[in-house]
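What follows is the residue order along each chain.
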Amino acid sequence: MPTEDIWFLSRRRLIRPLRSFLPLALLLLLLAALLPVPAVRADATIVAPWAEREVGDNHVAGSSSYADGTFTVSGSGTDIGSQYDKFRFVYQPLSGDGTIIARVASVSAGNGRAGVMIRNDLNNWPASVNALMTLRMGGTAAFQYRGVAGGNTTIVNAPDSPIVAPAWLRLERKGNSFTGAVSSDGSTWTTVGSATVSMGQNVFVGLAVNSGSDSALNTATFDNVEARLSVPPPWANRDIGNTGAAGSAFLRNGAFVVQGAGDEVGGSYDQFHYVYQPLTTDGAIVARIASIDAGSDGGVKAALVIRETLSDWPPAREAIMGARANGSSFFAARLEPQTFANLTEGLAGSLPTWVKLTRRGNLFTGFVSG
């Protein structure tokens, strides 16, 4: 957290001892990305959490690079499918549910594939259980999957082919259910296929490219790449109160993204999506609110909260330090359950902004930093 321009905003003392939960973020009618995204250098280097490797016996070695928001992946290999795989893979670990989205900007080899994959392991043989949403230069988009290691691959072609680059691909995992979709604009999606595929908890998600040949390379470029990973332990998430629409939370390129509905937090009731973990003693939480994507309405908020319980009703005692979509900061505290939270207005400002909330005994203090 920057040390300059730190402002003490307000503090409140809660009367009785507080068993509390320490959240990362909450959100009302907004999309908020919290914490700085680790920089990916624009120097043509694949950096963590991404890694790269050949899968299968590829006679021509591939390569991978990243620059200015674009992954360039070159791969050889006769097939991704049938009973074996040969391709170049740029990947990162995925634990549990998750989604990968990418726009295939270009593909150079007509018989090659470029797509987004979730793969059970990185073994060359037997070829791993996997699911893949892919695009070929010739205009075929397809969802494919292998349910048994070394087994046959099932391919479901998109009904609206030809679909040519640039095109958006999405692959989603929920438990053992995998769904592939295609889009021309990244907003309106067409489901190509779904399948039940048994995979482990810890798998790999990424970009897959082959050429259809062991003696030539296919080069594909991907931009707008987004790996949405499950919120990792010890974090958990849930809606608080009658929000009207279910919220969600995920990791995207190292940042927490929280989506939620509801029209109040810190008033006489609470309605928000909550990402939290237990806090059993004194502590502090610091976050950079990078963006709030629901407009400039002053009622739209993202905040840090230390809360006594997870109950929907009555609303729990809590301390809140946050910012509105217009950039102004605020501190609030509900001293007793089912009462109106006292509100202290902070500074006018703009996003991104840093916020900090501390607990020392029953003393809670909120800070904001430009």
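Residues numbered from 1 in each chain as written. Predicted model: local features only at pLDDT ≥ 70, side-chain atom pairs only at ≥ 80, totals over all residues. Heavy atoms only, no water.

Participant: Could you give me a rundown of the overall build of the protein chain, with the residues and numbers involved?
Facilitator: Each helix and strand counted, the protein chain has zero helices and 30 strands in total. When burial is assessed residue by residue, the protein chain has 52% of its 370 residues classed as buried. Intrachain contacts of the protein chain at a sequence separation of at least 6 include 68% that bridge at least 24 residues. Accessible area for the protein chain stands at about 15,000 Å²; split by element, carbon and sulfur atoms hold 50% of it. (Helix = DSSP H or I, 4+ residues; strand = E, 2+ residues; numbered from the N terminus. Buried < 20%, exposed > 50% of the residue type's maximum accessible area, 1.4 Å probe, protein only. Contact = heavy atoms within 4.5 Å. Areas by Shrake-Rupley, 256 points an atom, 1.4 Å probe, with all protein chains shown as cover.)

Participant: How would you explain the packing of aromatic side chains if you had to name every residue and give the values?
Facilitator: For the coordinates displayed, the defined rule picks out nine aromatic pairs. Arranged with centres 5.3 Å apart and planes meeting at 65°, the rings of tryptophan 50 and phenylalanine 71 form a pair that is edge-to-face. With tryptophan 50 in the loop between strand 3 (30-34) and strand 4 (51-55) and phenylalanine 71 in strand 6 (residues 70-77), this pair connects stretches of sequence that are 21 residues apart. Both residues of the pair, tryptophan 50 and phenylalanine 71, belong to the buried class. Measuring from ring centre to ring centre gives 5.5 Å for phenylalanine 87 and phenylalanine 89, while their planes differ by 70°; the resulting arrangement is edge-to-face. Phenylalanine 89 sits in the buried class, given a relative accessible area of 0%. A cation sits over an aromatic face here: arginine 170 above tryptophan 189, 4.6 Å from the ring centre. (Phe/Tyr/Trp six-rings, centres within 6.5 Å; stacked < 30°, edge-to-face > 60°. Lys NZ or Arg CZ within 6 Å of the ring centre and 35° of its normal.)

Participant: Outline the side chain of glutamine 271, supporting the account with residue identities and numerical values.
Facilitator: As for its placement among the helices and strands, glutamine 271 is situated in the loop between strand 22 (255-260) and strand 23 (272-279). Within the structure, glutamine 271 has its side chain in polar contact with the backbone oxygen of asparagine 242 (distance 3.1 Å). Within polar-contact distance, the side chain of glutamine 271 engages the backbone nitrogen of aspartate 263 at 3.1 Å. (Polar contact = N/O pair within 3.5 Å; in protein donor to acceptor, adjacent residues only side chain to side chain.)

Participant: How would you sum up the sheet that holds strand 11 (residues 113-119)? Please name residues and give values.
Facilitator: Sheet strands line up and pair through hydrogen bonds in the backbone, either parallel or antiparallel. Strand order across the open sheet formed by seven strands is 4-9-18-11-12-13-14, with antiparallel pairing between neighbours. Because the sheet does not close on itself, it has two edges, and the strands there are strand 4 and strand 14 (154-157). The average angle at which neighbouring strand axes cross in this sheet is 25°, direction not considered. Inspection of the sheet shows strand 11 paired to strand 12 (residues 130-136) by seven bridges, in the antiparallel sense. Within the sheet, the bridge partner assigned to arginine 113 lies in strand 12 and is arginine 136. (Pairing = 2+ DSSP bridges. Axes fitted to C-alpha atoms, helices over the stretch in contact; angles between N-to-C directions.)

Participant: Just give me the short version of the pairing of strand 23, but keep the residues and values in it.
Facilitator: Within strand 23, seven of the eight residues are buried, leaving the element largely enclosed by the surrounding structure. Inspection of the sheet shows strand 20 (residues 236-240) paired to strand 23 by five bridges, in the antiparallel sense. Across the sheet, the residue bridging to arginine 238 is tyrosine 274, located in strand 23.

Participant: So, the nonpolar core: which residues are in play, and what are the values?
Facilitator: Formed by 66 residues in total, the largest nonpolar core has its most connected members in Phe71, Met133, Leu207 and Phe222. Element by element, the count of residues in this core is highest for strand 19 (residues 213-229), at five residues. The contact partners of phenylalanine 71, leaving out residues within four places of it in the chain, are Ile46, Trp50, Ser65, Tyr66, Val90, Leu207, Ala220, Thr221, Phe222 and Val225. Of all hydrophobic cores here, the second largest spans 12 residues; its members include Phe272, Tyr274, Ala303 and Phe330. (Core = buried A, V, L, I, M, F, W, Y, C linked by side-chain atoms within 4.5 Å.)

Participant: An account of unusual backbone geometry is requested, with residue identities and associated values reported.
Facilitator: A cis geometry characterises the amide bond from alanine 48 onward to proline 49, with omega recorded as 10°. Its place among the elements puts proline 49 in the loop between strand 3 and strand 4. Tryptophan 125 connects to proline 126 through a cis peptide bond whose omega is -5°. Along the chain, proline 126 turns up in the loop between strand 11 and strand 12. We note that serine 82 has phi near 50°; this positive angle belongs to a residue other than glycine. The class of serine 82 is partly exposed, set by a relative accessible area of 38%. Backbone geometry places glutamine 338, a non-glycine residue, at a positive phi of 60°. Looking at the secondary structure, you find glutamine 338 in the loop between strand 27 (329-334) and strand 28 (342-345). A relative accessible area of 46% means that glutamine 338 is categorised as partly exposed.

Participant: Can you tell me about the pairing of strand 11, naming the residues and giving the values?
Facilitator: Strand 11 sits mainly inside the fold: seven of its seven residues count as buried. Inspection of the sheet shows strand 11 paired to strand 18 (residues 202-210) by seven bridges, in the antiparallel sense. When the bridges of strand 18 are listed, arginine 113 appears paired with asparagine 210.

Participant: Describe the pattern of salt bridges, naming the residues involved and giving the relevant values.
Facilitator: Scanning the model with the defined rule gives 18 salt bridges in all. With a shortest N-O distance of 2.9 Å, aspartate 85 and arginine 146 are connected by a salt bridge. Of this pair, aspartate 85 sits in strand 8 (residues 84-85) while arginine 146 sits in strand 13 (residues 141-146), and the two are 61 residues apart along the sequence. Exposure remark for aspartate 85: the relative accessible area of 3% places this residue in the buried category. Take arginine 146: its relative accessible area is 0%, and that puts it in the buried class. (Salt bridge = Lys/Arg side-chain N within 4 Å of Asp/Glu carboxyl O.)

Participant: Break down the environment of valine 355 for me, with residues and values.
Facilitator: If you trace the backbone, valine 355 turns up in strand 29 (residues 353-360). Under the relative-accessibility criterion, valine 355 is labelled buried at 1%. Along the primary structure valine 355 and alanine 303 are separated by 52 residues, whereas in three dimensions their C-alpha atoms are 8.0 Å apart. Apart from the residues within four sequence positions on either side, valine 355 is in contact with Ile285, Val286, Ala287, Ile289, Leu304, Met321, Gly322, Phe367 and Val368.

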